Amino acid sequence: KRKGKGPKGKITLKIAKNSIRLSPDGGRRLDLSKMGITTFPKCILKLADVDELDLSRNMLKKIPSGIEKFQKLRWLDLHSNQLEDLPKAIGTLQNLFYLNICNNKLTTKNLPEDLTLLKKLRILNLGLNCLDSIPTSLGALKELKEIGLFDNALTTIPNSVKNLPNLEKLNAERNPFSESTQQEEHADSIKRIETLHLVQEKDLCSSCLKMCQDERDKLNKLNKLKNGTPSPPKKPSFPLLLTPNSPAKDNQKEWRLK
């Protein structure tokens, strides 16, 4: 159901003012989602003091540099539009902690370097786009806790992103990762876990000790495989290990706003 009155996609200042809602934490959200908007409504620049801006589920092809006027913005949702690029001015939104640009037509080439200026960003959703690589410079976003990279054309994820210090959720499902990349990720997970000396061997029961030794043997075999030592062609499997930094979500609905 379309919100407001007037021709579909035509946003007036009155309609915009009537679309301001209170967010759960008491901030002011300008909600213009699902309104058939094809061109960024310039009138909303007069409401640039809002804390949140929702332009999702429209038909926007471009976001103007005037977005920089929204200096108080903490939450920006542009998912499910037709965006092919983003303005450099997005890097001026220094208070932004949530940015959803999922389900657009963004390419790696058209991701502005200025995204790395969003030092407070905690949630970034780049899923369902046309990305064939992720800039290593995104590793500068040290506060990132969640990042969505699913349904793109990625063959690898840079270590600078995988090893972000505060990262809790990384969803990279349905990308054409190479077999070697997947094996390297398995090996990296084991190496990091193997260095965590939580208990001494003498304190382990016999079954637990055997389990640890078996996993170490698997690691040694994998290292031999990487060093060129012949071994039976078998995909390594580590069912007992959890990868601490990449719990990709099985349920895609958790990444999308209803």
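Up top you'll find the structure we're talking about.
In this report, we go over the structure that sits alongside the text. Note that the structure is a prediction, hence the values are computed from the model and not measured. (Residues numbered from 1 in each chain as written. Predicted model: local features only at pLDDT ≥ 70, side-chain atom pairs only at ≥ 80, totals over all residues. Heavy atoms only, no water.)

Re the overall build of the chain
For step 1, the next point in the chain: A tally of helices and strands in the chain yields four helices and eight strands.
For step 2, the next point in the chain: Going residue by residue from the N terminus, the α and β elements of the chain occur as α-β-β-β-β-β-β-β-α-β-α-α.
For step 3, the next point in the chain: With 258 residues in all, the chain has 40% of them scored as buried.
For step 4, the next point in the chain: Here the chain has roughly 14,700 Å² of accessible surface; of this, 53% comes from carbon and sulfur atoms. (Helix = DSSP H or I, 4+ residues; strand = E, 2+ residues; numbered from the N terminus. Buried < 20%, exposed > 50% of the residue type's maximum accessible area, 1.4 Å probe, protein only. Areas by Shrake-Rupley, 256 points an atom, 1.4 Å probe, with all protein chains shown as cover.)

Here's the deal with the sheet that holds strand S2 (residues 28–31)
For step 1, the next point in the chain: Strand order in the open sheet formed by eight strands is S1-S2-S3-S4-S5-S6-S7-S8, with mixed pairing between adjacent strands. Since the sheet does not close on itself, it has two edges, and those belong to strand S1 (20–22) and strand S8 (169–171), each with one partner. Pairwise comparison of adjacent strand axes, ignoring direction, gives a mean angle of 10° for this sheet.
For step 2, the next point in the chain: Across three bridges, strand S4 (residues 75–77) lies against strand S5 (residues 98–100) in parallel orientation. Counterpart to Trp75 in the pairing with S5 is Tyr98. (Pairing = 2+ DSSP bridges. Axes fitted to C-alpha atoms, helices over the stretch in contact; angles between N-to-C directions.)

A short note on the packing of aromatic side chains
For step 1, the next point in the chain: Per the stated rule, a full pass over the model turns up one aromatic pair.
For step 2, the next point in the chain: Residues Trp75 and Tyr98 carry aromatic rings whose centres are separated by 4.9 Å and whose planes lie at 10° to one another, so their mutual orientation is stacked. Remark: Tyr98 occurs in strand S5 and Trp75 occurs in strand S4; sequence separation between them is 23 residues. Each of the two residues, Trp75 as well as Tyr98, counts as buried.
For step 3, the next point in the chain: Sitting over the ring of Trp75, Arg29 keeps its end group 4.2 Å from the ring centre. (Phe/Tyr/Trp six-rings, centres within 6.5 Å; stacked < 30°, edge-to-face > 60°. Lys NZ or Arg CZ within 6 Å of the ring centre and 35° of its normal.)

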